[in-house]
Every structure is written in C-alpha cells, then in structure tokens.
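Take a look at the letters that make up each chain.
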Amino acid sequence: MTTSSERLRELLEHAVRAGQPAAALRAMNALRDELDAFERLQVARALDAGGSFGDVARAIGISRQAAHRRYRDLVNVELPDEEAGPQQRRLVVTSEARAAVTLAREEATAMGAAAVGSEHLLLGIMRCRAPVTSDVLETKGVTLADARRCAQPTLVEGGAEAIAPATGPGGGARGISAYARAVFDLALREATKRGDGYVGVDHLLLASLDDPNGGACRTLCELGLDPEQVRAGVAS
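Keep in mind it's a predicted model, so treat the numbers as computed, not measured.

Participant: Would you take a moment to explain the packing of helix 6 (residues 95–110) against helix 7 (residues 118–128) for this structure?
Facilitator: Packed helix pairs are characterised by how far apart their axes lie and by the angle those axes make with each other. Taken N-terminus to C-terminus, the directions of helix 6 and helix 7 make an angle of 125 degrees; their axes are 7 Å apart at the nearest point. In terms of orientation, helix 6 and helix 7 fall into the oblique class. In the packing of helix 6 onto helix 7, the handedness of the crossing is right-handed. Taken together, the residues of helix 7 that come into contact with helix 6 (itself represented by E96, A99, A100, V101, L103, A104, E106, E107 and A108) are H120, L121, L123, G124, I125, R127 and C128. A class-by-class count of the residues in the contact of helix 6 with helix 7 yields 10 nonpolar, two polar and four charged.

Structure, rendered in structure tokens:
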C-alpha cells in the first residue's frame with residue numbers, strides 16, 4: 001500500500017522531472033489535491049484531539065478567523081442519525097470519515113452536482129486514503145483520476161437521480177442528497193452490526209456499495225471492477 005507521504009513524494013518528483021510543461025502542471029494539480037486532502041485530515045485529527053481553531057491557525061500560519069472559515073465544516077459533518085437507536089447515536093464518527101464526507105462535497109462541487117451522491121462519497125473516501133480502504137482499492141489498480149473520469153450517477157427507477165439543491169447552511173453543491181443520507185444510515189447500521197464503537201471510512205465504503213444502482217457501484221463497474229469483491233476485501 002502506498003502511504004500518503006509516499007504518494008506526495010511521487011507526485012512532487014513527477015512534477016519536477018516532467019519534460020513537458022503540461023505534464024508538470026497536471027502533476028502539480030494532482031499534488032495540490034493530495035495536499036489539500038492530507039491537510040484536512042490532519043486538521044480533523046487535531047480538532048478530534050481537543051485542539052482549537054486557534055491552535056490550527058498558529059500551526060499553519062493563518063488567522064483564527066481564516067482557520068474557522070476554512071475548516072469549520074470538519075466539525076459540523078455528521079452522519080444523519082435522527083432515526084438511529086440509542087446504541088447508534090453513541091457511535092463516534094472518526095476524523096477520517098468526516099474528512100471523507102468533506103472531500104466528497106468538494107468532488108460534488110467540482111463535478112457541478114447539486115448535492116453529494118454515493119459516487120462523490122467514493123471519491124472522497126479515495127482522497128482520504130485511510131489504510132483500511134485505500135489498501136483494497138489500490139491493490140485493484142484504482143486511481144483517483146480514473147475514478148473521476150468514470151464517475152457514474154445513481155440510478156433511481158431506471159434514470160439518473162434528480163437531486164434537488166439542499167436548503168439551509170451548506171446548501172447547493174455542498175448539500176447531501178436524500179440517497180446519500182440513506183447511505184449514511186446504512187453506514188451506522190453496518191458499524192452497529194459489526195459491533196464497532198465508531199463509524200469509519202470502511203463502514204462508509206461498505207454502505208456506498210450496498211446498492212448496485214448506486215453511483216459508487218456503477219463507478220466501480222465502469223472501472224471494470226466487481227463491487228462485491230471490493231466489499232468483501234473491506235469487510236474481511
């Protein structure tokens with residue numbers, strides 16, 4: 001498995017050694033995405049450990065206000081659990097899972113989607129690069145660039161899901177579709193069923209691949225992969 005630090009090093013070396021400006025720019029763009037995901041994950045971990053936005057701001061050399069504006073969504077990302085039972089509500093959502101949802105929102109925005117679907121969640125999980133999921137996906141040769149290129153929407157009754165813009169804070173492309181909320185509920189149930197005391201990226205990926213008509217499953221199929229084999233690899 002390639003670690004985040006190894007991936008960053010590879011991208012930097014590729015950008016420096018690229019013989020053509022266009023190739024160097026593509027490598028720099030990939031490096032920028034990787035650094036952004038890595039930074040968000042580290043901020044989420046710092047906040048999880050009891051750090052404040054002031055602590056984060058001092059560490060990266062920006063104002064507290066700027067840190068709050070840039071990272072406030074990391075502390076507000078919650079899996080919908082209004083209907084969850086008491087045991088499910090006690091589950092802790094890991095920093096990696098919250099970072100994956102935040103990155104999924106970025107992917108939805110970049111793709112011009114009105115809200116986050118399971119295809120965007122798959123991309124967010126890949127960008128998060130948590131060992132429990134990236135190990136399975138990378139061994140099957142899945143790259144982020146290929147997954148973006150092959151991203152497929154969720155099918156509902158034979159057609160692409162019509163996702164209405166979300167309302168309230170974080171609406172529009174930063175919202176969560178009703179279908180994605182159902183995926184999050186499945187993640188809660190998956191974590192409960194397995195007896196885990198947390199909801200992590202492994203539960204999110206398992207839930208994302210539960211429906212063969214979902215965008216995550218359809219994206220993997222477009223990549224030539226069997227979603228059931230990916231699920232089995234994560235669940236093992």
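Past the structure itself, the notes keep going.
Participant: Explain helix 7 here, please?
Facilitator: Residue pairs spaced three or four apart in an α-helix point in one direction, given the helix's 3.6 residues per turn. Judged by how many residues are buried, helix 7 sits mostly within the fold: 11 of 11 residues are covered. Those residues of helix 7 that sit buried are S118, E119, H120, L121, L122, L123, G124, I125, M126, R127 and C128.

Participant: Can you help me understand the pattern of salt bridges in this one?
Facilitator: A side chain with one charge can pair with a side chain of the opposite charge if their charged atoms come near. Throughout the structure, instances matching the rule amount to 11 salt bridges. Residues R58 and D55 are paired through a salt bridge, measuring 2.5 Å at the closest nitrogen-oxygen approach. Residue R58 and its partner D55 are both found in helix 3 (residues 53–60); the two are separated by three residues, about one turn of the helix. In this structure R58 comes out as exposed when scored by relative accessible area, which is 61%. On the basis of relative accessible area, D55 is assigned to the partly exposed category, the value being 35%. With its nearest N and O atoms 2.7 Å apart, the salt bridge here joins D185 to R189. Pair noted here: D185 and R189 are both in helix 10 (residues 178–193), with a separation of four residues, about one helical turn.

Participant: I keep staring at the packing of helix 11 (residues 201–208) against helix 13 (residues 227–235) and nothing clicks. Help me out?
Facilitator: Running from amino to carboxyl end, helix 11 crosses helix 13 at an angle of 155 degrees, the nearest separation of the two axes being 10 Å. Considering their axes alone, helix 11 and helix 13 lie roughly antiparallel with respect to each other. At the point where helix 11 passes helix 13, the crossing takes the left-handed sense. Note on element contacts: helix 13 touches helix 11 through V230, R231, V234 and A235, opposite D202, L205, L206 and A207. Here the residues of the contact of helix 11 with helix 13 sort into six nonpolar, no polar and two charged.

Quick notes on the rules
- Residues numbered from 1 in each chain as written.
- Predicted model: local features only at pLDDT ≥ 70, side-chain atom pairs only at ≥ 80, totals over all residues.
- Heavy atoms only, no water.
- Axes fitted to C-alpha atoms, helices over the stretch in contact; angles between N-to-C directions.
- Helix = DSSP H or I, 4+ residues; strand = E, 2+ residues; numbered from the N terminus.
- Parallel < 35°, antiparallel > 145°, perpendicular 65-115°, else oblique.
- Left-handed = near helix turned anticlockwise from the far one by under 90°.
- Contact = heavy atoms within 4.5 Å.
- Nonpolar A, V, L, I, M, F, W, Y, C, P; charged D, E, K, R; others polar.
- Buried < 20%, exposed > 50% of the residue type's maximum accessible area, 1.4 Å probe, protein only.
- Salt bridge = Lys/Arg side-chain N within 4 Å of Asp/Glu carboxyl O.

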